[in-house]
Amino acid sequence: QVQLVESGGGLVQPGGSLRLSCAASGFTFSSYAMNWYRQAPGKERELVATITSTGGSTNYADSVKGRFTISRDNAKATVYLQMNSLKPEDTAVYYCNAWGRFPWGQGTRVTVSS
């Protein structure tokens, strides 16, 4: 069955960096565009970044543009999110998916605080 397993979150100080990973299984990963989403406490889930199936094109929410970078390794069926210059407002649980097609994973929690 389809599984999306996010990892790499943690507690980081403002201005710091984290690299999230999402390992996918149960579907032909290389055929799907992939997204990173986040859900902050008390807020709805929001789209953060998108990468096409080949990795040739990416798109970002305005709030993270210039700070976050999405990438993928189709051989490893894994999508990444490099997060730099983190801000307290980036605090959220981060999830990957393919436009919501698949069951959501458990997410990985990112807390940005001094």
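As the structure is a computational prediction, the values presented were derived from the model and not from experiment.

**Section: the state of the cysteines**
Part 1: Scanning the model with the defined rule gives 1 disulfide in all.
Part 2: With a sulfur-sulfur separation of 1.8 Å, Cys 22 is cross-linked through a disulfide to Cys 96. With Cys 22 in strand S3 (residues 18-25) and Cys 96 in strand S9 (residues 92-97), this pair connects stretches of sequence that are 74 residues apart.
Part 3: Residue classification places Cys 22 among the buried positions, given a relative accessible area of 0%.
Part 4: Cys 96 gets classed as buried once you look at its relative accessible area, which sits at 0%.

**Re the packing of aromatic side chains**
Part 1: Tallied over the full model, the rule gives 6 aromatic pairs.
Part 2: These aromatic residues form a ring-pair network of at least three members: Phe 27, Phe 29, Tyr 32 and Phe 102.
Part 3: Its guanidinium or amino end placed over the ring of Trp 104, Arg 45 lies 3.8 Å from that ring's centre, counting from NZ or CZ.

Conventions used here
Residues numbered from 1 in each chain as written. Predicted model: local features only at pLDDT ≥ 70, side-chain atom pairs only at ≥ 80, totals over all residues. Heavy atoms only, no water. Disulfide = S-S within 2.5 Å. Helix = DSSP H or I, 4+ residues; strand = E, 2+ residues; numbered from the N terminus. Buried < 20%, exposed > 50% of the residue type's maximum accessible area, 1.4 Å probe, protein only. Phe/Tyr/Trp six-rings, centres within 6.5 Å; stacked < 30°, edge-to-face > 60°. Lys NZ or Arg CZ within 6 Å of the ring centre and 35° of its normal.

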